[in-house]
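Report on the structure
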Amino acid sequence: MIYAGVRWMTDNNYENENDDDILAYASDEFRGANTSVKTGSSDTPDTPEFEEYVPDIDGGKDDAEDAFGIITTGIEPLEITESGARITGYVATSRRQDVRLGTYVMVPYGDEELFARIWKLQYLQEFEVDDATEIHSRRMLKSNTTAEADYKFLALLDPICILYEHRSGGGSDGKPQLVRRMADRIPRPNTPIFPVTDKSKIQTGLNIPKEGVFLGHLSVGGEVVRTHAVPPTVPYYLRNDYSMGDPLVFRHMLVCGSTGTGKTFLTKNILRQFMNEDNRYQLRSDKSKNKNPCLVIMDPQDEYSQMFEDNPEIAAGDEYNFRSENVDFGRCVNTKTFVAKVAGHAYDGKSRAEQVEFTIPFELVRNNLWLITPVGMTELQYTGLELLVEDYFKRGGNHTYGGFVDHIDDESTRIVYVDSNKIHEASYDGIVRRVRNPALRKVFDQHATPITEILGKVFSPGQVSVFPTEYISSSRIRDLIVLTLMTLVVDNKLSTSGDVAVKDTPIILALDEAHRYLSKTSGEHSKKIVSKFADAARQGRKEGLGLFLITQDPQDIDDTVFKQVNTRVILNLTNDAAISALKVQKGYEKRIPYLKKGQMIVHSPDNSDMVEVMGLSKCMVKHE
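The text that follows walks through the structure, step by step, so that each part is easy to find. Being a predicted model, the structure only gives us computed values, none of them experimental.

What follows concerns the overall build of the protein. In terms of helices and strands, the protein carries 20 helices and 24 strands. Relative to its full complement of 624 residues, the protein shows a buried share of 49%. About 30700 Å² of surface is accessible on the protein, with carbon and sulfur atoms providing 46% of the total.

Quick look at the pairing of strand 20 (residues 507-512) now. Within strand 20, six of the six residues are buried, leaving the element largely enclosed by the surrounding structure. Along strand 20, one buried face is formed by Ile507, Leu509 and Leu511 and the opposite face, lined by Ile508, Ala510 and Asp512, is buried too. Sheet topology note: the strand 15 (residues 294-299)/strand 20 ladder contains five bridges and is parallel. Note that in strand 20 the partner of cysteine 294 across the bridge is isoleucine 507. For strand 20 and strand 21 (residues 545-551), the ladder comprises six bridges, and the chain directions are parallel. Counterpart to alanine 510 in the pairing with strand 21 is phenylalanine 548.

The next subject is empty space enclosed by the protein. All told, the structure shown has three cavities of 30 Å³ or more when counted by the stated rule. Phe68, Gly69, Ile70, Gly89, Tyr90, Val91, Val99, Val105, Ile118, Ala155, Leu157 and Ile193 together form the lining of the largest cavity. Those elements giving two or more residues to the lining of the largest cavity turn out to be strand 1 (69-72), strand 3 (85-91) and strand 6 (151-166). Tallying contributions element by element places strand 3 first for the lining of the largest cavity, with three residues. Residues of the lining of the largest cavity, tallied by class, amount to ten nonpolar, two polar and no charged. Taken as a whole, the second largest cavity holds about 40 Å³ of empty space. As for the second largest cavity, its lining consists of Phe214, Leu215, Leu266, Asn269, Ile270, Gly615 and Leu616.

Here we come to the side chain of glutamine 306. Positionally, glutamine 306 belongs in the loop between strand 15 and helix 7 (316-324). Taking the relative accessible area as the measure of exposure, glutamine 306 reaches 3% and is therefore buried. There is a polar contact of 3.4 Å between the side chain of glutamine 306 and the backbone nitrogen of glutamate 624. With sequence-adjacent residues up to four places away left out, glutamine 306 is seen in contact with Lys268, Lys350, Ser351, Val621, Lys622, His623 and Glu624.

So, about unusual backbone geometry. At the junction of valine 230 and proline 231, the peptide bond is cis and its omega measures out at -5° in the coordinates. Along the polypeptide, proline 231 turns up in the loop between strand 10 (223-224) and strand 11 (235-238). The residue asparagine 190 is not glycine, and still its phi comes out positive at about 70°. Residue placement: asparagine 190 occurs in the loop between strand 7 (177-181) and strand 8 (192-195). A residue is classified by how much of its surface remains accessible, and asparagine 190, at 46% relative accessible area, is partly exposed.

What follows concerns the side chain of arginine 591. Within the secondary structure, arginine 591 is located in the loop between helix 20 (586-589) and strand 23 (599-603). Its relative accessible area of 17% is what places arginine 591 among the buried residues. Non-local contacts of arginine 591, meaning those with residues more than four positions away in its chain, are made with Leu101, Gly102, Arg117, Gly221 and Glu612.

A complete count under the given rule lists 18 aromatic pairs for this structure. Aromatic pair tyrosine 401 and phenylalanine 444: ring centres 5.8 Å apart, planes at 20°, arrangement stacked. Remark: phenylalanine 444 occurs in the loop between helix 12 (438-443) and strand 18 (449-450) and tyrosine 401 occurs in helix 9 (residues 401-409); sequence separation between them is 43 residues. Residues tyrosine 401 and phenylalanine 444 agree in their burial class; the two are buried.

Enumeration according to the criterion identifies 29 salt bridges in this entry. Here glutamate 309 makes a salt bridge to arginine 352, at a shortest N to O gap of 3.2 Å. Taken together, the residues glutamate 309 in the loop between strand 15 and helix 7 and arginine 352 in the loop between strand 16 (335-340) and strand 17 (354-359) connect sequence positions 43 residues apart. By relative accessible area, arginine 352 is classed as exposed at 60%. The closest approach of N and O atoms between arginine 414 and aspartate 429, which form a salt bridge, is 2.9 Å. You can see arginine 414 sitting in helix 10 (residues 411-419) and its partner aspartate 429 sitting in helix 11 (residues 425-435), a full 15 residues away along the chain. In this structure arginine 414 comes out as buried when scored by relative accessible area, which is 19%. Salt bridges here are not isolated pairs; linked through shared partners, they connect Asp111, Glu112, Arg181, Asp184 and Arg185.

Structurally, proline 209 is set in the loop between helix 5 (199-205) and strand 9 (213-220). Proline 209 sits in the buried class, given a relative accessible area of 16%. For proline 209 and tyrosine 237, which are 28 residues apart along the polypeptide, the C-alpha to C-alpha distance reads 5.8 Å. Sequence-distant contacts of proline 209, defined by excluding residues within four places in its chain, comprise Gln203, Tyr237, Arg239 and Asn607.

Ranked by size, the top nonpolar core spans 138 residues in total, and within it Phe274, Ile372, Phe404, Phe444 and Leu549 carry the most contacts. Sort the elements by how many residues they give to this core and helix 14 (residues 475-494) lands first, with ten residues. Those residues in contact with leucine 549, other than ones at most four positions away along the chain, are Met253, Leu254, Val255, Leu511, Ala514, Leu518, Ile557, Val561 and Val565. Counting 18 residues, the second-largest nonpolar core is a separate cluster that includes Leu78, Val99, Ala116 and Ile162.

Another point: the environment of glycine 402. Structurally, glycine 402 is set in helix 9. Distance in space between the C-alpha atoms of glycine 402 and arginine 436 is 9.2 Å, their sequence separation being 34 residues.

A regular strand carries its side chains on alternate faces of the sheet. Neither face of strand 11 is exposed, since Pro235 and Tyr237 on one face and Tyr236 and Leu238 on the opposite face are all buried. Two strands pair when backbone bridges link them, and strand 9 and strand 11 are joined in this way by four bridges, in the antiparallel orientation. Residue pairing across strands places glycine 216 opposite tyrosine 236, the latter belonging to strand 11.

Conventions used here
- Counting from 1, residues in each chain are numbered in the order their sequence is written.
- Residue-level local features of this predicted model are given only where pLDDT is at least 70; pairs of side-chain atoms are given and counted only at 80 or more, and the full residue set underlies all totals for whole chains, interfaces and linings.
- Note: side-chain values were computed over all heavy atoms of the structure, leaving out hydrogens and water.
- Secondary structure is summarised from DSSP: a helix means a run of H or I of at least four residues, a strand means a run of E of at least two, and numbering begins at the N terminus for each.
- Exposure classes here rest on a 1.4 Å probe applied to the protein chains alone. A residue is buried below 20% of its type maximum, exposed above 50%, and partly exposed in between.
- Using a 1.4 Å probe, accessible areas were evaluated by the Shrake-Rupley method; residue-level cover was limited to the displayed protein chains.
- Pairs of strands are assigned from DSSP output, requiring at least two bridges between the strands.
- In this analysis, the protein atoms alone were mapped onto a 1 Å grid. Cavities are point sets where a 1.4 Å probe fits without being able to get out; pockets are open sets with protein on both sides within 12 Å along at least five of seven lines; lining residues have an atom within 4 Å of a point.
- Grid points are joined across faces, edges and corners, and a volume is the space filled by probe spheres set on the points.
- Lys, Arg, Asp and Glu make up the charged group, whereas Ala, Val, Leu, Ile, Met, Phe, Trp, Tyr, Cys and Pro make up the nonpolar group; the residues left over, Gly among them, are polar.
- Polar contact criterion, stated in full: a pair of N or O atoms within 3.5 Å, where within protein one must be able to donate a hydrogen and the other to accept it, and residues adjacent in sequence count only if both atoms are side-chain atoms.
- Any two residues whose heavy atoms approach within 4.5 Å are treated as being in contact.
- Here a Phe, Tyr or Trp ring, Trp counted by its six-membered ring, pairs with any other such ring whose centre lies within 6.5 Å, and the pair is stacked when the planes are under 30 degrees apart, edge-to-face when over 60, and tilted otherwise.
- Counted as salt bridges are all cases of a side-chain nitrogen of Lys or Arg within 4 Å of a carboxyl oxygen of Asp or Glu.
- To qualify as a nonpolar core, a set must consist of buried Ala, Val, Leu, Ile, Met, Phe, Trp, Tyr and Cys residues joined through side-chain atoms within 4.5 Å.

See below:
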């Protein structure tokens, strides 16, 4: 403590007589030790000198002047256990403005390096003073002369892993390969703490693939991480090969964020990456054959047909940067808009993509009764409707919605079922009342090609198939169309006798407003839908079906489906229930309400550690 007092008084230019006053409290031995060596004046003792630390780190690659500070044991013990660690760093005054929560740092051991993340920052008083007094507060309010050096600025580190060179294997070029293992060594006190400036070390430290589907750039606190590489940014890729199992898109993805946070903008950029001509996936029937995926998009706002158009804002300089990080950009030439024919509604369209009109045949109801089952139908009514539909399709002739309504509305039909006690009269009347729906009459069996006859045209490899519904005013009709298309995909994928065009094509099904169709509910109608999609999610990997869910209410998606989603891209959310449902680490959970537009948290356990990513500022296709 005396040493510290001498050093502090000297650094603050106190007069020599003050030094004498302080030394008056020291022992005679101490006074003698500090006055035996003179430097010119017989009255002034030398300031105690500390041993100079000369770093020899990474073969001289790192400069100590670049360090944030040093590992210290002066405040808390330095320890690492199987359940956690306490590693504290002292941050030098010249670097305190550069440090943020979440900043990634390296601490060298000599032969290895600790890769860590700053999880806590704190100030402590350098000297024992009481600044919680009225006199002190008034003095500071009038003239704040506080010096940064009067306080300790501490950074607490969360050890992520240890990086080292694997010398027995090596990469394809024969050089040692940088690998990581769990943090099982404790850093030495007074070791420098360096910012991470090596792109490869960041990617390895966070377990980020070095190629795949581009999502954005690694960031901390909304600022993109910069390195000494060219380009200096660290791209975040989603694994898209078979090196460690199936591509992650077939383990399903979720993009969630409040309205106005840029979900559609980001989703377009991500989906565009899957449409690279070289991106191919294996077929379950013949793994020697690879096919481009078909991207099927349920589009409630009529925005995705613009994938057919180039973004005029992309300049030549942007193209160079995109190519350097393998970012695919530019329009998807093979984009088609499939428009459901609905009586009294016309589709204008926002793009020049080819439009194909279709209708939904009532035949689909035969195996998907819930398509005409309104929410709120009782179990007895549902059982009765099931019997009526089954008997109707046993009859010969053409089966249409109009024909079915006329059939059950006929008094003779009613008498047969009621008098035989097959259906209670109250349930029968309720069925007729609920099924006789003007909205259903507008959508079934219109004057257009049935969707079942153009499956090969819809589910074509390398094609973007967009189904807009914005032009339809009735939410009942919109839901019917979307659920029908979802059912076509799932039924044909999971059935052994499914249509070849669907079964033998890798499909990415992008479902906007996913919470509307896969919601938690007790109704029989929704149970059937959720059960079907839970099966699809579980078997998606082997069937070549990837669900890409987009929503602002992730908490409303049924758990049986939600648990199957491996990759979650989280934009700004302010709903506590929505944030809680995502089950992210506490440190990241608190950031979610403060994420800026384009800023996201990526939670993909089979791809990397949880990280913050900044999306691109420009859309890879047209976006208005």
